[in-house]
Amino acid sequence: MFLHPLKNHAYPMKTRLFTPKTAALWLTLCGLFACAHAAQPTYPYANRFLWERGVPPIPAEGNGYLMGPASILFTVMGAEFLYGGERPDLFSRGGGFDMIYRYVGDTPDGAPMFEKTKQIPSAARKGKGLFHGEPFVLKDKDGKVHALGMMDKSNRIVDSVFNPKTSEFEEVGEVKMPKLPKDPRRLRFAAKLNDDGSVDMFFLCQAQTPKNPNPGDARLPEWMPYDSCGTSTQAAYFPYHYVMRARYPRLLSGEPSDLTMVSPKEKDIWMGVARMDCGVYLLGEDATLFVGTQQGNFKTYLWNKKTKTYEASLASDARGNALRHPNIGGNALLYPDKNGLVAGLISDGQGLVYYYPSLRKRDAKGSPLFGEPYPVVEKNVSLYFSPLATPTVIDWDGDGVQDILTGGAEGIVFFIKNVGTNAEPKFLSGVPVEAGGRPIKIEAGYSGSVQGTGEARWGYISPTAADWNGDGLPDLIVGDIRGEYRIYMNRGTKTQPKLDEGVPLYCDGLELKGRWRCGATTAILNGKRVLAI
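Residues numbered from 1 in each chain as written. Predicted model: local features only at pLDDT ≥ 70, side-chain atom pairs only at ≥ 80, totals over all residues. Heavy atoms only, no water.

**Q** Explain the overall build of the chain to me, using residue names and the numbers behind them.
**A** A tally of regular secondary structure across the chain gives 2 helices and 38 strands. Counting over 533 residues, the chain shows a buried share of 52%. By sequence separation, contacts in the chain at least 24 residues apart represent 53% of the contacts at least 6 residues apart. When the accessible surface of the chain is totalled, it reaches about 24,500 Å², and 53% of it is carbon and sulfur. (Helix = DSSP H or I, 4+ residues; strand = E, 2+ residues; numbered from the N terminus. Buried < 20%, exposed > 50% of the residue type's maximum accessible area, 1.4 Å probe, protein only. Contact = heavy atoms within 4.5 Å. Areas by Shrake-Rupley, 256 points an atom, 1.4 Å probe, with all protein chains shown as cover.)

**Q** Got a sec to walk through the environment of Thr 453? Specific residues and values, please.
**A** In this structure, Thr 453 sits in the loop between strand E30 (438-439) and strand E31 (462-466). The class of Thr 453 is buried, set by a relative accessible area of 4%. Along the backbone, Thr 453 and Phe 238 are 215 residues apart, and their C-alpha atoms lie at a distance of 9.6 Å. Leaving out residues up to four positions away in the same chain, Thr 453 has contacts with Tyr 226, Ser 232, Phe 238, Trp 270, Met 271 and Tyr 446. A polar side-chain atom of Thr 453 sits 3.0 Å from the main-chain carbonyl oxygen of Tyr 446. (Polar contact = N/O pair within 3.5 Å; in protein donor to acceptor, adjacent residues only side chain to side chain.)

**Q** Quick one: what's the story with the nonpolar core, residue by residue and with numbers?
**A** One finds Ile 157, Met 201, Phe 202, Phe 203, Met 276 and Leu 289 to be the most contacted residues of the largest nonpolar core, which totals 34 residues. Element by element, the count of residues in this core is highest for strand E11 (residues 199-206), at 6 residues. (Core = buried A, V, L, I, M, F, W, Y, C linked by side-chain atoms within 4.5 Å.)

**Q** Can you tell me about the environment of Gly 320, naming the residues and giving the values?
**A** Looking at the element boundaries, Gly 320 is found in the loop between strand E18 (309-314) and strand E19 (333-336). In sequence terms Gly 320 and Asp 363 are 43 residues apart; their C-alpha atoms lie 6.8 Å from each other. Discounting chain neighbours no more than four positions away, the residues touching Gly 320 are Asp 363 and Lys 365.

**Q** I'd like a rundown of the sheet that holds strand E7 (residues 145-150), residues and numbers included.
**A** Here we have 4 strands laid out as an open sheet, ordered E6-E7-E8-E9, and antiparallel in their pairing. Looking at strand neighbours, the two that pair on one side only are strand E6 (136-139) and strand E9 (168-176), the edges of this open sheet. Each strand of the sheet is rotated relative to its neighbour by a mean of 25°, with strand direction disregarded. Two strands pair when backbone bridges link them, and E6 and E7 are joined in this way by 4 bridges, in the antiparallel orientation. Its bridge partner being in E7, Leu 138 is matched across the sheet by His 146. (Pairing = 2+ DSSP bridges. Axes fitted to C-alpha atoms, helices over the stretch in contact; angles between N-to-C directions.)

**Q** Go over the packing of aromatic side chains, please, and point to the residues and values.
**A** Summed over all chains, the structure comprises 16 aromatic pairs. Between Phe 91 and Phe 169, the aromatic rings sit 5.7 Å apart at their centres with planes inclined by 55°, giving tilted as the arrangement. Linking Phe 91 in strand E3 (residues 89-94) with Phe 169 in strand E9, this pair joins segments that are 78 residues apart in sequence. Residue classification places Phe 91 among the buried residues on the basis of a relative accessible area of 0%. The exposure class assigned to Phe 169 is buried, which follows from its relative accessible area of 8%. The rings of Tyr 103, Phe 114, Tyr 335 and Tyr 355 are connected pair by pair, giving a single aromatic cluster. We note Arg 517 situated over the ring of Tyr 460; from NZ or CZ to the ring centre the distance is 3.7 Å. (Phe/Tyr/Trp six-rings, centres within 6.5 Å; stacked < 30°, edge-to-face > 60°. Lys NZ or Arg CZ within 6 Å of the ring centre and 35° of its normal.)

**Q** Explain the pattern of salt bridges to me, using residue names and the numbers behind them.
**A** Pairing is possible between side chains that carry opposite charge, provided their charged atoms lie close to one another. A full pass over the atoms with the stated rule returns 26 salt bridges. Between Arg 247 and Asp 200 there is a salt bridge, with the nearest N and O atoms lying 2.6 Å from each other. Of this pair, Arg 247 sits in strand E12 (residues 240-248) while Asp 200 sits in strand E11, and the two are 47 residues apart along the sequence. Ionic pairing is found between Arg 491 and Asp 500, a salt bridge with its closest N-O pair at 2.8 Å. Overall, the relative accessible area of 34% leaves Asp 500 in the partly exposed class. By sharing partners, the salt bridges in this structure join Lys 192, Asp 200, Arg 247 and Asp 286 into a single network. (Salt bridge = Lys/Arg side-chain N within 4 Å of Asp/Glu carboxyl O.)

**Q** Could you give me a rundown of the pairing of E3, with the residues and numbers involved?
**A** Along E3, 6 of the 6 residues are buried, which leaves the element largely enclosed by surrounding structure. Alternating residues of E3 divide into Asp 89, Phe 91 and Arg 93 and Leu 90, Ser 92 and Gly 94, and every residue in both groups is buried. As paired elements, strand E2 (residues 74-80) and E3 share 6 bridges and run antiparallel to each other. By the bridge assignment, Glu 80 is partnered in E3 with Asp 89. Two elements, E3 and strand E4 (residues 97-106), share 5 bridges in a ladder whose sense is antiparallel. Looking at E4, one finds that Gly 94 is bridged to Phe 97.

Below you can see the structure in the form of structure tokens.
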């Protein structure tokens, strides 16, 4: 087994990779890679469709997973009825663009399906700075769609109204932000319209956080994200956040008042927060505030009219277990029905966009309950690849044409089936590859990333398919963010792969360890199976 000769630093650019001592090793490595690639058949379409085109093909069925422009992050900004459909349309941001997606129907699972309608100018103040992050989109009682945004270099909130004729947001006013214990300009906020015309604005504030005396630099070889006991050197200095509410007399005008603590304590939400949203979950209730968190939970806050306080809970599944979004940094977008009640929760992050249908009930702890998440679908969309995708080409299901397997940032392996030919491929949308009866899902966890605990929810996996044991079936080798390599043995048939749960690869009795985020390649060299990482 061939191992990388250099020390496993966080980033190799600081290391002298080519010296007289390492020259022979590098030549061997290059030769091994050449043999590995020579041992695998190549097909003209692989280059043509995966690299030279610059954009992936349309799925064969015409519909695929919702995805924004070329971007690691795709952010939902609001859901409002624009085109007279049965369900709301979608405002989003990704790749530096704002986009409207028109609702066109539901999937068999009940998730909404959208069609990209038009790209619109960003909802930002022209010539006077930009909104920081994403604006908050909502509709007033007159049917006008507003985008509210905090300015990056002022203490103002700008109100813009969507003009359906020009498909632009046009600025109509601004107000001062309330005096908060902590400057929220670089954080998130949400808004709720009240029956009397007033507006509640919810602001995310950062709790007092101790300063890290040794922050370090993850780009340097001396970076130490964990101490000798394996404890994170950074986690104690990640900030906590809490939510506060201020009330404005109108949308959006007047002076803020009635500053109220929403969170039960200042150390309420750890590390980071994605999008917040407000909506009526059950008929007769006040609106519930939902907060998407960096680690994948959804915090909720419901106003108790008797106690005059907010009651905190976690959005949960049908069994009462707290939801944990599959992706890092999932935003909370409440998707309403025609009566204004929450029909479901849409959340994105670095990966697929998911829809959680509302079960329209709370458990004994007061948690709003949601069903299993299903991917949101887009009509006539390009073929979905994971953020930071790592595609490889192989005939995975034994039908004689080459398919695609790909990993990526979210830690899931997708099988993208080719229902065409090698010369003229037609791909179906990807489905997660299962092992041991459940989808492969790899994340760094508390101490698995060389960049520290802050990357706990990322996977950065790179799959390689090869017949490891010579039984004629393709097995799967996966490298990941941890620098580990696991093999998933195929116990199925040529046309119906069935993978065992993954087990580590070993070298000299130790679990094989390589560089983080790196895949492997394998080939038969001089009659022996070899691996290069």
